[in-house]
Amino acid sequence: MMQHDSHGHGEGHGSLKSYVIGFVLSIVLTIIPLVLVMNKVLSGTALVVAIMAMAVLQLFVQLFFFMHIREGEKPRYNVQALILGAVILLTIVAGSIWVMSFNSMVQ
Amino acid sequence: MWEDIKSFASTFFVTGDPLIYGADVAIVLTTLAIVFVLTKYKKWGWLWREWLTTVDHKKIGIMYLICSLLMLFRGGVDALLMRLQLALPNVEFLHSEHYNAIFTTHGTIMILFMAMPMMFALFNIVVPLQIGARDVAYPFLNALSFWLFFFGAMLFNLSFVIGGSAESGWLAYPPLSEKMFSPGVGQDFYIWGIQISGIGSLATGINFLVTILKMRAPGMSLMKMPLFSWSVLSSCITIIYAFPILTVTLALLFIDRYLGAHIFTMDGGGNPMMYVNLIWMWGHPEVYIVVLPAFGIFSEIVATFSKKQIFGYKSMVFAMIIISVLSFFTWAHHFFTMGAGADVNSFFAISTMAIAIPTGVKVFNWLFTMFRGRIQLKQPMLWTIAFIPCFVIGGATGVMLAVAPADYQYHNSYFLIAHFHQVLIGGVVFGYLAGIYYWWPKMFGFKLDERLGKWGFWLWNIGFYVCFMPQYALGFMGMTRRLYTYGWDLGWAPLNLVSTVGAFMMGLGFVFQVWQIAYSIKHGERDTTGDPWNGRTLEWSIPSPAPVYNFAVIPQVKEADDWWATKQARANGTANEAPAKLEPIHMPKNSGIPFIMSFFWFIAGFGFVWGWTWWIVIGLAGVGISMLVRSFQYDTDYYIPVDEVRRTEASLGRAV
Ligand code: HEM
Ligand SMILES: [Cu+2]
């Protein structure tokens with residue numbers, strides 16, 4: 001069983017330090033948009049762009065600090081999975097904007 | 001005080017309907033009977049040790065199977081209640097709200113708590129055996145997935161007697177599902193039931209993806225892997241990318257309801273159509289998630305019972321992978337009428353029709369496999385053959401629905417109802433039933449009786465067409481879905497009556513199947529060989545039921561359909577099999593944590609539903625503590641010594 005075989009080589013799964021850094025970064029990246037909205041620091045397009053930027057950064061923090069995207073062996077399943085994930089993510093975001101775009105004309 | 005209790009009880013329990021009181025009595029009696037039997041025969045310890053704490057994929061599969069059959073029963077009773085109500089005009093059997101609750105429950109149960117677990121049952125029972133593995137990649141997680149499903153389903157089902165059921169359809173469109181229009185707790189039961197079991201589904205998707213990629217027997221390259229395992233792989237890919245969308249969408253709906261946000265409301269900047277858009281981004285892939293494994297099952301069965309290798313193996317694999325990716329690009333066909341422009345509608349019309357191409361390839365491959373094969377009409381093959389015309393008609397009406405301008409006529413009519421039942425029953429249910437008949441001897445060591453099975457088969461099949469063909473016509477005659485009654489003047493009465501008769505024929509078919517199982521437990525033909533159908537793939541090379549460790553020696557795979565090749569070689573005397581060398585077998589230990597942790601999820605979910613903070617706190621704390629305890633457990637595995645393996649194999653009639 002995989003989980004048993006991996007007993008021996010516990011290394012390479014990130015150190016305490018990298019976990020703490022990742023944790024702090026993701027909290028900071030979550031609080032920033034909250035503050036931006038609650039205190040009405042930004043508004044309109046600027047706000048949307050800022051929130052999106054934080055979300056994208058958050059994504060990378062998760063991938064590098066928690067999901068160990070740099071590790072791995074051949075065949076590179078995680079690269080394939082990421083590419084497919086990116087395609088589907090793009091579909092969800094761009095597709096929704098496209099499908100819902102008529103809304104701005106209706107309202 | 002007394003008054004308080006009375007008013008609490010009247011909102012907590014569902015009151016006022018004799019059907020519900022009957023159900024209350026039945027539930028209490030069944031529970032008492034179970035407790036009594038378990039206590040009388042001192043089976044509590046057995047239940048805990050052998051089932052509730054098991055991490056064995058075969059037992060988990062059996063538990064999934066039992067639950068899904070119970071859910072098929074419940075969803076089926078709901079269906080029959082609805083068909084009774086619609087049998088004739090102006091029937092006063094169910095009032096409108098009750099009818100709404102029933103179609104909502106029926107749809108949700110059939111898809112999420114019947115089809116999904118039946119599919120997971122087959123994943124669990126078959127995949128490790130078929131790829132020559134001793135368990136799944138993460139056995140503990142597998143048990144956790146099952147119990148999350150179980151408690152999620154319990155939570156959802158409970159709403160029927162406690163608090164009241166959801167009434168806004170199986171996809172809970174806002175604004176109807178918002179607090180303003182659905183103030184009751186039913187909608188929250190729906191949300192939490194699905195959320196909790198959804199975590200389990202996602203975990204199962206990951207688990208089986210990893211199992212298939214990493215744990216195949218040596219020599220089994222991906223292109224030598226049996227097609228059922230390929231179908232599971234493609235279904236898992238779709239699960240992994242689709243289920244998070246469902247979770248997020250329902251979470252946003254819950255935020256609206258619980259915290260008074262305005263994400264999907266009509267006012268305050270919200271947009272209910274965004275919900276429709278998001279939920280179908282999960283919803284469409286979901287139908288492929290459930291149908292792909294059915295395709296895999298048919299491929300196995302067609303090859304076995306035609307005594308031929310599957311025709312066009314590679315094209316089958318590519319078709320499935322293409323379907324699992326393409327399924328993410330068709331969601332808007334569920335709301336052509338929403339008013340998006342011609343560009344959006346034409347894109348989604350074409351992408352939808354494009355999916356018919358790989359599906360068509362698969363149908364031809366099955367037909368070519370049967371062509372000039374020595375076909376044996378055993379039960380699994382019967383269901384497979386019945387599937388083909390049914391699915392082809394369902395697919396054709398699907399392409400009709402995909403013609404966006406025409407969909408303005410069909411949308412939400414009985415034409416649609418007939419279409420999706422045809423693909424869901426003809427494709428998914430027939431497929432899983434075929435799979436259950438096929439692998440039943442592997443699970444339990446005996447075959448299901450053919451004679452009773454044939455009764456079930458013909459009743460289901462004739463009943464199906466009698467029930468759903470009239471509904472296509474009713475759709476054209478203007479009958480819309482989710483309609484609880486209609487007048488004599490519309491001329492819908494005769495076809496509706498016919499449809500109800502068909503529904504009851506299917507119900508009778510199910511009764512025959514239950515009888516068949518009960519009868520076969522005693523009288524079914526025993527499978528002593530482990531290979532009752534003269535199969536082709538590895539699961540048939542080991543005894544039925546398989547021992548805990550599955551394979552005493554992990555097989556060395558050389559070809560596609562390896563077990564068939566081995567049997568050929570043995571018959572020709574060309575097999576040179578080295579004497580097997582036994583080694584101690586490494587296995588995972590049972591654990592009670594999946595059960596306990598899921599139970600705490602149930603408590604938390606119940607708290608969220610009723611807004612009881614203490615329940616939420618206790619529930620979530622319990623979940624956290626369970627995780628913590630598990631993180632510090634190091635003693636999670638053990639070895640089965642060689643002696644014991646040898647003894648077990650000998651007792652199963654195998655010399656090693
Ligand atoms: C045993 C035969 C079955 C019968 C007689 C049946 C009958 C019905 C009826 C009468 C409705 C309500 C139509 C309406 O008023 O709009 C319905 C809805 C539905 N059924 Fe079935 N059904 C059956 C099996 C299934 C199966 C196996 C599935 C899925 C795997 C399924 C999924 C659904 C869904 C998703 C809905 C829509 C619920 C909604 O409108 O929210 N049904 N069915
Ligand atoms: Cu669809």
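Residues numbered from 1 in each chain as written. Chains lettered and ligands numbered in written order. Predicted model: local features only at pLDDT ≥ 70, side-chain atom pairs only at ≥ 80, totals over all residues. Heavy atoms only, no water.

Visitor: Give me the overall build of chain B: which residues, what numbers.
Guide: When you go through chain B residue by residue, the secondary structure sums to 20 helices and two strands. Taken against the 2.2 N^0.38 rule, which gives 26 Å for 656 residues, the C-alpha radius of gyration of chain B at 25 Å falls within 12% of a compact globule. In chain B, buried positions account for 58% of the 656 residues. For chain B, the share of sequence-separated contacts (at least 6 apart) that also reach a separation of at least 24 residues comes to 83%. Total accessible area computed for chain B in this model is approximately 26,600 Å², and 71% of it derives from carbon and sulfur atoms. Of note, chain B has its 40 positive side-chain charges centred 12 Å away from the centre of its 36 negative side-chain charges. (Helix = DSSP H or I, 4+ residues; strand = E, 2+ residues; numbered from the N terminus. Rg over C-alpha atoms; globule rule 2.2 N^0.38 Å. Buried < 20%, exposed > 50% of the residue type's maximum accessible area, 1.4 Å probe, protein only. Contact = heavy atoms within 4.5 Å. Areas by Shrake-Rupley, 256 points an atom, 1.4 Å probe, with all protein chains shown as cover. Lys, Arg positive; Asp, Glu negative; His and termini not counted. Charge placed at Lys NZ, Arg CZ, Asp CG, Glu CD.)

Visitor: So what's going on with the side chain of B:H98? Which residues, and what values?
Guide: Within the fold, B:H98 resides in helix α5 (residues 96-130). The contact partners of B:H98, leaving out residues within four places of it in the chain, are B:D17 and B:L19.

Visitor: Kindly report on the coordination of the iron atom of ligand 1, identifying the contributing residues and their values.
Guide: Residues and elements named next belong to chain B. Note on the iron atom of ligand 1: its protein donors are H106 (NE2) and H421 (NE2). The metal-donor distances range over 2.0 Å. Here the iron atom of ligand 1 is ringed by six donor atoms whose angles at the metal span 88 to 179°, and the overall shape comes out octahedral. With a gap of 315 residues between them, H106 in helix α5 and H421 in helix α14 (residues 414-444) connect regions that are remote in the sequence. (Donors = N, O, S within 2.8 Å, 3.2 Å for Na, K, Ca; no water. Tetrahedral: all angles 85-135°; square planar, octahedral: opposite > 155°, others 65-115°.)

Visitor: Let's hear about a nonpolar patch on the surface: which residues, and what values?
Guide: A cluster of nonpolar side chains, namely A:V56, A:L59, A:F60, A:F64, A:L89, A:V93 and A:I97, defines an oily patch on the protein surface of about 610 Å² accessible area. On the secondary structure map, A:F60 appears in helix α3 (residues 44-66). (Patch = residues over 30% accessible without salt bridge, like charges linked within 9 Å, V, L, I, M, F, W, Y side chains within 5 Å. Salt bridge = Lys/Arg side-chain N within 4 Å of Asp/Glu carboxyl O.)

Visitor: I'd like a description of the site of ligand 1, backed by residues and values.
Guide: Residue and element names in this part refer to chain B. Taken together, 23 residues lie around ligand 1, and Y99, H106, W170, H421 and R482 are the ones closest in. Between ligand 1 and H106 there is a distance of 2.8 Å, counted from a nitrogen atom to a side-chain nitrogen or oxygen. For ligand 1, an oxygen atom lies 3.0 Å from a polar atom in the side chain of R481. Counting residues per element, the ones that place at least two in the shell around ligand 1 are α4 (57-86), α5, α14 and α16 (493-523). Broken down by element, the residue count for the shell around ligand 1 peaks at seven residues, all from α14. When the residues that make up the shell around ligand 1 are grouped by side-chain class, the tally is 16 nonpolar, four polar and three charged. (Near = heavy atom within 4 Å. Polar contact = N/O pair within 3.5 Å; in protein donor to acceptor, adjacent residues only side chain to side chain. Nonpolar A, V, L, I, M, F, W, Y, C, P; charged D, E, K, R; others polar.)

Visitor: Which residues make up the packing of α14(B) against helix α15 (residues 450-476) of chain B, and what are the values?
Guide: Residue and element names in this part refer to chain B. Two elements in contact, α14 and α15, have axes separated by 6 Å at closest approach and are oriented at 155°. Overall, the two elements α14 and α15 adopt an arrangement that is roughly antiparallel. The two elements α14 and α15 meet at a crossing, and its hand is left-handed. Here Y414, F415, I417, A418, H419, H421, Q422, I425, V429 and F430 of α14 lie close against α15, whose contacting residues are W460, N461, F464, Y465, F468, M469, Q471, Y472, L474, G475 and F476. (Axes fitted to C-alpha atoms, helices over the stretch in contact; angles between N-to-C directions. Parallel < 35°, antiparallel > 145°, perpendicular 65-115°, else oblique. Left-handed = near helix turned anticlockwise from the far one by under 90°.)

Visitor: Give me the lowdown on the pattern of salt bridges, citing residues and values where you can.
Guide: Residues and elements named next belong to chain B. In total, this model carries ten salt bridges over all chains according to the counting rule given. For K581, the salt bridge is made with E583, and the minimal N-O distance between the two is 3.7 Å. Classification of K581 by relative accessible area gives exposed; the value is 60%. Among the salt bridges present, the one from D635 reaches K589, with a minimum N-O distance of 2.9 Å. Taken as a pair, D635 in the loop between α19 (613-631) and β2 (637-640) and K589 in the loop between β1 (585-588) and α18 (593-610) lie far apart in primary sequence, 46 residues in all.

Visitor: I'd like a rundown of the UniProt feature "transmembrane region" (unreviewed entry) in chain A, residues and numbers included.
Guide: Residues and elements named next belong to chain A. The positions that UniProt labels "transmembrane region" (unreviewed entry) are, in the present scheme, residues 20-38, 44-67 and 79-100. Measuring from the first to the last C-alpha atom of residues 20-38 gives 27 Å, for a span that is 100% helix and 0% strand. In residues 79-100, helix accounts for 100% and strand for 0%; the two terminal C-alpha atoms are 31 Å from one another. (UniProt positions renumbered as here; feature names shortened; annotations may be inferred.)

Visitor: Tell me what's going on with the coordination of the copper ion (ligand 2), and back it up with residues and numbers.
Guide: Residues and elements named next belong to chain B. Those donors, H284 (ND1), H333 (NE2) and H334 (NE2), are the protein atoms that reach the copper ion (ligand 2), and they lie 1.7 to 2.0 Å from it. Linear spacing of the donor residues for the copper ion (ligand 2) on their chain is H-x48-H-H. Take H333: its relative accessible area is 14%, and that puts it in the buried class.

Visitor: A description of the interface of chain A and chain B should follow, citing residues and the corresponding values.
Guide: Counting residues at the interface gives 21 residues for chain A, matched by 38 residues for chain B. For the chain A and chain B pair, buried surface summed over both sides reaches about 2,500 Å², with 74% attributable to carbon and sulfur atoms. Summed over the shared surface of chain A and chain B, the result is zero salt bridges. Here chain A and chain B share two residue pairs in polar contact (both at pLDDT 80 or more) between them. Where the side of chain A that touches chain B is concerned, the elements lending two or more residues are α1 (2-5), α4 (77-100) and α5 (102-106) of chain A. Ranked by residue count, the leading element in the side of chain A that touches chain B is α4(A), at 13 residues. Residues of the side of chain A that touches chain B, tallied by class, amount to twelve nonpolar, eight polar and one charged. (Buried area = accessible area lost by both parts, 1.4 Å probe.)

Visitor: Can you lay out the environment of B:L141 for me, pointing to particular residues and giving the numbers?
Guide: Residue and element names in this part refer to chain B. Locating L141 in the fold gives a position in helix α6 (residues 139-158). According to the relative accessible area criterion, L141 is partly exposed, its value standing at 26%. Separated by 66 residues in the primary sequence, L141 and N207 place their C-alpha atoms 7.6 Å from one another. Those residues in contact with L141 that lie beyond four places of it in its chain are A203 and N207.

Visitor: Residue-level account of α4(A), with values.
Guide: With 24 residues, α4(A) should cover 34 Å at 1.5 Å per step; its first-to-last C-alpha distance of 34 Å lies within 8% of that length. By the burial criterion, the buried members of α4(A) are A:G85, A:I88, A:T91, A:G95, A:S96, A:V99 and A:M100. (Expected span 1.5 Å × (residues − 1).)

Visitor: How would you explain the side chain of B:H421 if you had to name every residue and give the values?
Guide: A residue is classified by how much of its surface remains accessible, and B:H421, at 16% relative accessible area, is buried. The contacts of B:H421, once residues within four sequence positions are left out, are B:H106, B:G426, B:F464 and B:F468.

Visitor: Describe helix α2 (residues 18-40) of chain B, and please don't skip the residues or the numbers.
Guide: Residue and element names in this part refer to chain B. Compared with the 33 Å implied by 1.5 Å per residue over 23 residues, the 33 Å span of α2 between its first and last C-alpha is a close match. Among all positions in α2, only I20, A23 and L38 are buried. As for α2, its buried residues are in contact with α3 (44-52). In the segment just after α2, K42 is the residue with positive phi, at about 50°.

Visitor: I'd love a proper account of the UniProt feature "domain: Cytochrome oxidase subunit I profile" (unreviewed entry) in chain B, names of residues and values included.
Guide: Per the UniProt record, the feature "domain: Cytochrome oxidase subunit I profile" (unreviewed entry) sits at residues 40-558 of chain B. Annotated as residues 40-558 of chain B, this span is 68% helix and 0% strand, and its ends, taken at the C-alpha atoms, are 52 Å apart.

Visitor: Lay out the nonpolar core with the relevant residues and their values.
Guide: Residue and element names in this part refer to chain B. Formed by 181 residues in total, the largest nonpolar core has its most connected members in F113, M119, W192, L250, W282, W366 and Y432. The element that contributes the greatest number of residues to this core is helix α9 (residues 272-306), accounting for 20 residues. Contacts of W366, omitting those with residues within four sequence positions, involve F295, F298, S299, V302, I310, M316, F387 and I388. Formed by 13 residues, the second largest nonpolar core is a distinct cluster that contains Y99, I102, M479 and Y486. (Core = buried A, V, L, I, M, F, W, Y, C linked by side-chain atoms within 4.5 Å.)

Visitor: I'd like to hear about the environment of B:M215, residue by residue, with values.
Guide: Along the polypeptide, B:M215 turns up in the loop between α7 (186-214) and α8 (227-259). Remark: the alpha-carbon pair of B:M215 and B:W383, spanning 168 residues in sequence, is separated by 31 Å.

Visitor: For unusual backbone geometry, give the residues involved together with the corresponding values.
Guide: All names here are of chain B. Following P174, the chain continues into P175 via a peptide bond in cis, with omega recorded as 5°. Along the chain, the position of P175 falls in the loop between α6 and α7. Residue P545 follows S544 across a cis peptide bond; omega there is -20°. Considering the arrangement of structural elements, one finds P545 in the loop between α16 and α17 (562-572). Not every positive phi belongs to a glycine, and D561 is a case in point at roughly 55°. Its relative accessible area of 17% is what places D561 among the buried residues.

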